[in-house]
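Chain by chain, the residues:
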Amino acid sequence: MNKQKTWLIQGTQWLCAIIQWLYWLMSALLIVFFFISIFSFSTIASWTETYTTLLINGLSIENMETASVFRLVLLSGILTFPLMAMVFRNAMLIIRTVQGKTWFSKGDTPFQNNVVRMIREMGIFLISIPFIELLISIVIELVHSVPEMSVSFTPIPIGLLLIVLSIYFQDGVNLQNDVDGLI
């Protein structure tokens, strides 16, 4: 393997690990803000009074005025940030598994059942994020009439692409097993 390819793989693995832990950290911070908002919403409101738009993952709300709306938006992040963390965790584990560096690795090939499973999980996690945000935005709209609210559906096609990719990788696993059975 040439030096540039090795550097790219290692850099991607480290970047996935860093992003994963940032999402976990943000999840923890959102939980802390959620509890602070329960006991003292005025403290949170004073911190955020200069911001008119709150954007967490793909859910965006303009002119948020009540504590319950703020808490629902935080709940959206509390539910979706761990899913994004798991996407990057799986990406990092796929790289390590393909290199044969995990305990469940079956050699240094991408055609392994665990790789297929992790790719499929990444797709499911990505698809579920906009649906969680949409559900929370519907609840917000039913409880409070918020002037502007939007949900990003960008992760859905990426998730579908990953699920389709996992199907083709499963075919690769089956071919790999057939070839290994012939030898």
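Structure: see above.
Residues numbered from 1 in each chain as written. Predicted model: local features only at pLDDT ≥ 70, side-chain atom pairs only at ≥ 80, totals over all residues. Heavy atoms only, no water.

## Details of the overall build of the protein chain
Part 1 of the argument: Helices and strands together make up the secondary structure of the protein chain, namely five helices and three strands.
Part 2 of the argument: Seen in sequence order, the protein chain has helices and strands lined up from the N terminus as α-α-β-β-α-α-β-α.
Part 3 of the argument: Taking all 183 residues of the protein chain together, the buried fraction comes to 37%.
Part 4 of the argument: A sequence separation of at least 24 residues applies to 71% of the contacts in the protein chain between residues at least 6 apart.
Part 5 of the argument: Carbon and sulfur atoms make up 69% of the accessible area of the protein chain, which amounts to about 10,900 Å² in all. (Helix = DSSP H or I, 4+ residues; strand = E, 2+ residues; numbered from the N terminus. Buried < 20%, exposed > 50% of the residue type's maximum accessible area, 1.4 Å probe, protein only. Contact = heavy atoms within 4.5 Å. Areas by Shrake-Rupley, 256 points an atom, 1.4 Å probe, with all protein chains shown as cover.)

## Some words on the nonpolar core
Part 1 of the argument: Counting 36 residues, the largest nonpolar core has Leu30, Ile56, Val73, Ile94, Ile119, Met122 and Ile140 as the members making the most contacts within it.
Part 2 of the argument: At the level of elements, helix 1 (3-39), helix 3 (67-98), helix 4 (113-143) and helix 5 (155-182) are the ones that each hand at least two residues to this core. (Core = buried A, V, L, I, M, F, W, Y, C linked by side-chain atoms within 4.5 Å.)

## Section: the packing of helix 3 against helix 4
Part 1 of the argument: Helix 4 packs onto helix 3 with a crossing angle of 170° between their chain directions and a minimal axis gap of 9 Å. Looking at the two axes, helix 3 sits roughly antiparallel to helix 4.
Part 2 of the argument: When its residues are assigned to classes, the contact of helix 3 with helix 4 shows 24 nonpolar, five polar and two charged. (Axes fitted to C-alpha atoms, helices over the stretch in contact; angles between N-to-C directions. Parallel < 35°, antiparallel > 145°, perpendicular 65-115°, else oblique. Nonpolar A, V, L, I, M, F, W, Y, C, P; charged D, E, K, R; others polar.)

## Regarding helix 1
One full turn of an α-helix is made of 3.6 residues, so residues set three or four places apart face in the same direction.
Part 1 of the argument: In this model helix 1 runs 54 Å from its N-terminal to its C-terminal C-alpha over 37 residues, within 8% of the 54 Å that 1.5 Å per residue would give.
Part 2 of the argument: If you check which residues of helix 1 are buried, you get Gln13, Cys16, Ala17, Gln20, Tyr23, Ser27, Leu30 and Ser37. (Expected span 1.5 Å × (residues − 1).)

## Here we look at a nonpolar patch on the surface
Part 1 of the argument: Taken together, the side chains of Trp14, Ile18, Leu22, Leu25, Met26, Leu29, Val32 and Phe33 define a hydrophobic patch exposed on the protein surface, amounting to about 750 Å² of accessible area.
Part 2 of the argument: Topologically, tryptophan 14 is positioned in helix 1. (Patch = residues over 30% accessible without salt bridge, like charges linked within 9 Å, V, L, I, M, F, W, Y side chains within 5 Å. Salt bridge = Lys/Arg side-chain N within 4 Å of Asp/Glu carboxyl O.)

## Description of the packing of aromatic side chains
Part 1 of the argument: Counted according to the given criterion, the structure contains four aromatic pairs.
Part 2 of the argument: With centroids separated by 5.3 Å and ring planes inclined at 85°, the aromatic side chains of tyrosine 23 and phenylalanine 81 adopt a geometry described as edge-to-face. Of this pair, tyrosine 23 sits in helix 1 while phenylalanine 81 sits in helix 3, and the two are 58 residues apart along the sequence.
Part 3 of the argument: When its relative accessible area of 9% is taken as the criterion, phenylalanine 81 is described as buried.
Part 4 of the argument: Clustering of aromatic rings is evident, with ring pairs tying together Tyr23, Phe81 and Phe88. (Phe/Tyr/Trp six-rings, centres within 6.5 Å; stacked < 30°, edge-to-face > 60°.)

## Section: the packing of helix 1 against helix 3
Part 1 of the argument: The contact between helix 1 and helix 3 brings their axes to 8 Å, and the two run at 160°. Here helix 1 is positioned roughly antiparallel relative to helix 3, judged by the angle of their axes. In terms of crossing hand, the pair formed by helix 1 and helix 3 is left-handed.
Part 2 of the argument: Tallied by class, the residues present in the contact of helix 1 with helix 3 amount to 24 nonpolar, six polar and three charged. (Left-handed = near helix turned anticlockwise from the far one by under 90°.)

## Some words on the side chain of serine 76
Part 1 of the argument: Looking at the element boundaries, serine 76 is found in helix 3.
Part 2 of the argument: Serine 76 sits in the buried class, given a relative accessible area of 0%.

## Overview of the environment of arginine 120
Part 1 of the argument: Mapped onto the fold, arginine 120 is located in helix 4.
Part 2 of the argument: Arginine 120 sits 46 residues away from serine 166 along the chain, and the two C-alpha atoms are 5.6 Å apart.
Part 3 of the argument: For arginine 120, the contacting residues outside a window of four places in its chain are Ile163, Ser166 and Gln170.

## Digging into the pattern of salt bridges
Part 1 of the argument: All chains considered together, the criterion is met by one salt bridge.
Part 2 of the argument: For the salt bridge of arginine 117 with glutamate 121, the shortest nitrogen-to-oxygen distance reads 3.1 Å. Placement of the pair is arginine 117 and glutamate 121 together in helix 4, with a separation of four residues, close to one helical turn.
Part 3 of the argument: Overall, glutamate 121 belongs to the partly exposed group, its relative accessible area being 23%.

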